[in-house]
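Here is what each chain is made of, one letter per residue.
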Amino acid sequence: MGISLLRIKEGGKYMKKLLVSFLFIVLIFSGCSKNNKQMQKNSAAGESQIAEENMEESPLKNTIKDVDEIHRDVKVNYTNIDVKEDLSNITNLQAYYDEIAIPDKVKEHIIKDGFYVDNSYGSEEPFQTYEYNEYLSMSNFVTTDSMVHLYHVFYDNTLRKIEEDKFLPMLKNFNSKMLEYAIKDYTEAKDDTVKQAAKKNLILFETGEFIIGDNLIKSDNNLRVDEEIFNLASDEYKNIRSEKSLVSNISGEDFDYSQFKVRGHYTKSENLKKYFQLNMLYSQNKFYIKDENQLNYGNIIGSLLATKNILKDEELSKIYLDVVGTLDFLVEESEKASPVKMAIYYKKYFDKTSDINKLNDKKVLEKIGEDLDKDKLEIAGFKGNYFAIIPQKAPIDNKWAQKLVDVGGNGPSQKPIYKGIEIMALIGNQTAQKLVEEDEDIKKWDKYPKIFQNLRNEVENLPENFYNKNLYRGYFSLMKEFSNTYGNKSPKFMQNENWNKKNLSSALGLWAALKHDTILYSEVVSAEMGGGYDVEICNFVEPNIKLYERLDYLLNFTKENLTDRNLLDDEQLKAFDNFIDLNKFLIDCSVSELENSTLSKEANDRLTSIGGEMENIFISFVDPNAKAFWELEDSSQRDMAVVADIMQVPANTWGLKEGDFQEVGLGYSNDMYVVYALNGKLYMGRGPVLTYYEFQSENRLNDDEFREKLRNNELEQEAFTNSYSFNVYNDLGY
C-alpha cells in the first residue's frame, strides 16, 4: 500500500442550450461534407452566447449526453448512544489514547459534539489517514471530504492531460495557420484602419510563435514576418516573461503581465507552461468595442479578420470548436465576444466579398458595435464588451461575486473583495449566511443587505437542472449537498453547529480547489500493514447520501461525455468505473447505517482497506505508470495543497493594501475524530477533512509558494473553525 507516515507540520490552526451551434455557421460556409459531419460528432459546438434573435435554430443534435440520477429512499432509524463522561463506553478508545491522559478539550468536544478536528499536522493526501489507520489498527471514519477531493483529483488531472496531450498540439497548429493568414491580411490591407487591425493580429500570433518555441529566434513559421513585426512580437514576449505592468506592443495600452505568471497545475511541465501562456495570450488581449464610449472601428475589424480566417479554413474551424466546445463542458461558456459571435456578423455583412479593405464600412461597423453593446455582461461589465480569440469563461460564482463587490467610481470601494462564505451563503449554507451577517467588514457597505438578498433570491430560484449544464456547475451541486442533515434522527455528531461549520470549511476547501483547477479559464471579478493494538475495528461512513448520489451523477455524466469525445484512455475508463463502484458502495453503507445502525462484516473489511483503494484510484488519474503513491516522480503530484488568486484589491475603505491579490487555498487535510454508534456499541473513528485558507498576497502565488507558507506556519484557517478544530499536541504539553 504505499503508505506514508510522513506528517507535514502545519500551522495550528440539463441541458437545452449548452451547445448552440457555431457548427451551423460553418456548415453555411462549407456545406455538409463528410468532414463536417465528423466535426459535428466530435465537437461540443462552442459557446452558446449568441443572441437567440440573431440565429436560426440549429439542425444539429446536441452532443451532450445526460445520464440518469439515482435516488435512494431511506427510512432513518439510527440509534444514538450517549457517551459517558469518562469516555469509558467508547469500545476502541485505547487505540487513540493509550497510557496518555486525554486532554479536557478533547473530552469536552467528544461529549458535547461527538467529534473534533486535530489541526496539529496535515497529510499530503486524505487517503493517507486511512492507510495510517490500517497500520495502527484504528477504525476508519470515511468522510465525504475524501471522496470530493478524489473527484477534484480526477477533474484537475483529466483537464491537465487533455490540455497537454490534445489541446496544445492543436493550438500549435492553430497559431501557425492563423499567423500565415495574418501575414496575408497584413500584406493585402490597403485601408489604414484595416492595416492597423491586421497588424495587431499579426503581432499577436507572432508572439504566440515565441511562446510555443520558448525563444526569440526566428522559426520556419515566422521567417516571412518583416523586421518591425518581429521586433514588436519579440518585445511583447519579453514583456510576458517580465511579469510586470508594461505597455502592450499589441494594443499600445497598459497591460498587467503578472497574469502570465504560470500557476495552477500548469507548473508541472514545460508544455503546460506554454499552454498556459498561449491561452493567456488569446484571452487577455482584449479588443474593446468601445474606447471611452467611442466605437473602436479597428478592434471590430480585427475581430472580423480573425473570425474570417477561422471560418474559411475547415481545419481551423474544427480545432477551435474542439477546444472551445470541450472547455464549455468542462468549465463554462464565455459572455464576451469571440469568433462564435463575430461569425454571425461576418456572414451577414461581408461573406460575399473577398476584399478585406471593404471591412471598413462604418455604417455596418456601427450596427455591429451597437449590437455588441447590448450584450448582458455580468463580469466587469462596466468596462464594456470586448473581443478575444478565446475569451475567458464566465463561471457562475464569478458572476455572483461581481455583484457583491463595490466597483467604486465615486471614491474608494466600500466592499473591495468578496469572501468564500458569501458564495456558500448564496447556495443555501445557513452557517455561512450567519457568518456573512456577522462580518464587520461587510457591514460597512450600506447597500450590501439589499444586493445580497436580491442575489440570494435569484440563486434560490434557479431552474432545477441549472447545475447539470457543465462540470464546473456540478462542483457547486456537491458543495450544496454538504448542508444535508436528517434532523434529530441523524447520528449525534451531525446534530450540532460545529458540524455545520466543519461542513462549511469542507465546502470552501472544495471551492478553492475548483478555483485552482480553472484559474486559466475564469474571467476574474474586477474591482502499508504493521503492528498495532488488539482492538476491535469498526468503521463508519459519513452518511451524506445525497452528496454521494450527486457525485454518482457527475461521475457518470463526465464519463459519458468525455468518452463520446474520445478523450479518455482505457486506464482512465477503468479508474472511472472503480470510482463509481466505490461511491455506490459508500451509499449502500450509509443506508445500512441510517436504517439499521449496522454494517456487514464484508463492508467493514472493505472499509478497513479503503485507503489503498482510494490510492489506486488516485494514481490511475495522476500517473497510471506509477504503482504506488511514493513512486510518483513529480513530488508536486503528491501534494494536495493548491491556491488561486480570485481578484485584485482596489482602492478601498477597509484598509486593505491596494494592488494585493485575494487568494483562496486548499490546504493539507486535518484528521477528524468522530464517535458513532454501530452494532449496539460506541466507537471512535478517524478520517480526513479539507482545510481552507483565504488571505491577501502582495504577488500572485503559485502552488509551491503557497505550500511554503503553510510549512512555515504563515497562514491560519478561517476563525470560525476554532470552535471545533485545535492543536491536540499543544494540549498534551508537546
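Because the structure is a prediction, the values reported are computed rather than measured. (Residues numbered from 1 in each chain as written. Predicted model: local features only at pLDDT ≥ 70, side-chain atom pairs only at ≥ 80, totals over all residues. Heavy atoms only, no water.)

S.K.: Can you break down the overall build of the protein chain residue by residue, with the values?
M.R.: When helices and strands are counted, the protein chain shows 24 helices and 16 strands. When the 734 residues of the protein chain are sorted by exposure, 63% land in the buried category. For the protein chain, the exposed surface amounts to about 28,300 Å²; the carbon and sulfur share of it is 44%. (Helix = DSSP H or I, 4+ residues; strand = E, 2+ residues; numbered from the N terminus. Buried < 20%, exposed > 50% of the residue type's maximum accessible area, 1.4 Å probe, protein only. Areas by Shrake-Rupley, 256 points an atom, 1.4 Å probe, with all protein chains shown as cover.)

S.K.: Got a sec to walk through unusual backbone geometry? Specific residues and values, please.
M.R.: Most peptide bonds are trans, and most residues other than glycine sit at a negative phi. Residues other than glycine seldom take positive phi values, yet L87 does so here, at roughly 65°. If you trace the backbone, L87 turns up in the loop between α2 (34-42) and α3 (104-112). Here L87 falls in the buried class, since its relative accessible area comes to 1%. Even without a glycine there, the phi angle at N293 is positive, about 70°. Along the polypeptide, N293 turns up in the loop between β7 (290-291) and β8 (294-295).

S.K.: Any details on the packing of aromatic side chains? Residues and values, ideally.
M.R.: Under the definition given, this model contains 45 aromatic pairs. Ring geometry for F210 versus F230: centroids 5.4 Å apart, planes at 80°, classification edge-to-face. One end of the pair, F210, is in helix α6 (residues 192-213); the other, F230, is in helix α7 (residues 227-242), and 20 residues separate them in sequence. Both rings, one in Y693 and one in F706, keep their centres 6.1 Å apart while their planes meet at 75°; by these two values the pair is edge-to-face. (Phe/Tyr/Trp six-rings, centres within 6.5 Å; stacked < 30°, edge-to-face > 60°.)

S.K.: Residues and numbers for the nonpolar core, please.
M.R.: With 222 residues, the main nonpolar core has F174, F476 and W511 as its most contacted residues. Considering every element that reaches this core, the biggest residue donor is helix α5 (residues 144-188), with 19 residues. Residues contacting F174, with those up to four places away along its chain left out, are F205, Y282, I310, L316, I319, Y320 and I389. (Core = buried A, V, L, I, M, F, W, Y, C linked by side-chain atoms within 4.5 Å. Contact = heavy atoms within 4.5 Å.)

S.K.: Talk me through the sheet that holds strand β12 (residues 661-666); I want residue IDs and the actual numbers.
M.R.: Two orientations exist for strands paired in a sheet by backbone hydrogen bonds: parallel and antiparallel. Reading across the sheet, the three strands line up as β11-β12-β15 and stay open at both edges, with antiparallel pairing between neighbours. The sheet terminates laterally at β11 (642-648) and β15 (692-697), the two strands that pair on one side only. Along the sheet, successive strands turn relative to each other by an average axial angle of 25°, direction set aside. Here six bridges tie β12 to β15, and the two strands are oriented antiparallel to one another. When the sheet's bridge partners are listed, L666 is paired in β15 with Y692. Packing of helix α23 (residues 703-711) onto the sheet brings it into contact with β11, β12 and β15, and relative to β11 it is tilted by some 105°. (Pairing = 2+ DSSP bridges. Axes fitted to C-alpha atoms, helices over the stretch in contact; angles between N-to-C directions.)

S.K.: Tell me about α6, residues and numbers included.
M.R.: With 22 residues, α6 extends 31 Å between its outermost C-alpha atoms, agreeing within 8% with the 32 Å of an ideal straight helix rising 1.5 Å per residue. Burial of α6 is extensive: 16 of the 22 residues sit out of reach of the surface. For α6, the side-chain oxygen to backbone nitrogen distance between the N-cap and T193 is 3.0 Å, and the N-cap itself is D191. (Expected span 1.5 Å × (residues − 1). Polar contact = N/O pair within 3.5 Å; in protein donor to acceptor, adjacent residues only side chain to side chain.)

S.K.: Help me get a handle on helix α16 (residues 448-460), residues and values and all.
M.R.: End to end, α16 covers 18 Å across 13 residues, agreeing with the expected 18 Å (1.5 Å per residue, within 8%). Within α16, burial applies to Y448, F452, L455, R456 and V459. Projected down its long axis, α16 carries its buried residues within an arc of 105°, all on one side. Summarising the contacts, the buried residues of α16 are in contact with α13 (396-403), α14 (420-426) and α15 (430-438). (Arc of directions from axis to C-beta.)

S.K.: Go over the pattern of salt bridges with me, naming the residues and quoting the values.
M.R.: Inspection of every chain in the model, using the stated rule, returns 44 salt bridges. The partner of E188 in a salt bridge is K184, and the shortest N-O contact between them spans 2.8 Å. Here E188 and its partner K184 are both found in helix α5, four residues apart, which amounts to about one turn of the helix. Classification of E188 as partly exposed rests on a relative accessible area of 32%. (Salt bridge = Lys/Arg side-chain N within 4 Å of Asp/Glu carboxyl O.)

S.K.: Just give me the short version of the packing of α5 against helix α20 (residues 570-596), but keep the residues and values in it.
M.R.: One can describe the packing of α5 onto α20 by two numbers: an axis separation of 12 Å at closest approach and a directional angle of 165°. Between α5 and α20, the angle falls in the class roughly antiparallel. The element α5 and its partner α20 pack so that their crossing is left-handed. Residues M147, L150, Y151, F154 and K161 of α5 form the contact with α20, whose participating residues are Q572, F576, F579, L582, N583 and L586. The class makeup of the residues in the contact of α5 with α20 is eight nonpolar, two polar and one charged. (Parallel < 35°, antiparallel > 145°, perpendicular 65-115°, else oblique. Left-handed = near helix turned anticlockwise from the far one by under 90°. Nonpolar A, V, L, I, M, F, W, Y, C, P; charged D, E, K, R; others polar.)

S.K.: I'd like a rundown of the confidence of the model for the protein chain, residues and numbers included.
M.R.: A low pLDDT means the predicted coordinates there should not be read in detail. Averaged over every residue, the pLDDT of the protein chain is 85; residues scoring 70 or more account for 86%. Note on residues 1-62: pLDDT under 50 across the span, and 187 contacts to partners over four residues away in sequence or across chains. Within the model, pLDDT remains below 50 along residues 528-533, and this stretch shows 17 contacts once partners closer than five positions in the same chain are excluded. (pLDDT = per-residue confidence, 0-100.)

S.K.: Let's hear about the pairing of strand β3 (residues 139-142): which residues, and what values?
M.R.: Neither face of β3 is left uncovered, since the one carrying S139 and F141 and the one carrying N140 and V142 both have all their residues buried. Pairing between β3 and strand β14 (residues 681-689): two bridges, direction parallel. Paired with N140 across the bridge in β14 is R686. Sheet topology places β3 next to strand β10 (residues 540-541); two bridges connect them, and they run parallel. Its bridge partner being in β10, F141 is matched across the sheet by F540.

S.K.: Describe the packing of helix α19 (residues 545-564) against α20, naming the residues involved and giving the relevant values.
M.R.: In the contact formed by α19 and α20, the axes pass within 9 Å of each other and the chain directions differ by 165°. With respect to α20, the element α19 is oriented roughly antiparallel. Regarding α19 and α20, the two cross each other, and that crossing is left-handed. In contact with I545, Y548, E549, L551, D552, L555, N556, T558, K559 and T563 of α19, α20 contributes L573, F576, D577, F579, I580, N583, K584, L586, I587, S590, V591 and L594. Each residue belonging to the contact of α19 with α20 can be placed in one class, and the counts come to twelve nonpolar, five polar and five charged.

S.K.: Got a sec to walk through the environment of E440? Specific residues and values, please.
M.R.: Assignment of secondary structure puts E440 in the loop between α15 and α16. What makes E440 exposed here is its relative accessible area of 53%. There is a polar contact of 3.3 Å between the side chain of E440 and the side chain of K443.

S.K.: Explain a negative patch on the surface to me, and be specific about the residues and the numbers.
M.R.: On the surface, a cluster of negative charge is contributed by D165, D569, D570 and E571. Given a relative accessible area of 40%, E571 falls into the partly exposed group. (Patch = residues over 30% accessible without salt bridge, like charges linked within 9 Å, V, L, I, M, F, W, Y side chains within 5 Å. Lys, Arg positive; Asp, Glu negative; His and termini not counted. Charge placed at Lys NZ, Arg CZ, Asp CG, Glu CD.)

S.K.: Provide a residue-level description of the environment of L690, including the pertinent values.
M.R.: Along the chain, L690 turns up in the loop between β14 and β15. Judged by relative accessible area, L690 falls into the buried class, the value being 4%. Each C-alpha atom, one on L690 and one on Y668, is 6.9 Å from the other, the two residues being 22 residues apart in sequence. For L690, the residues in contact, after removing those within four places along its chain, are D145, V148, H149, S505, S506, G509, L510, M640 and L666.

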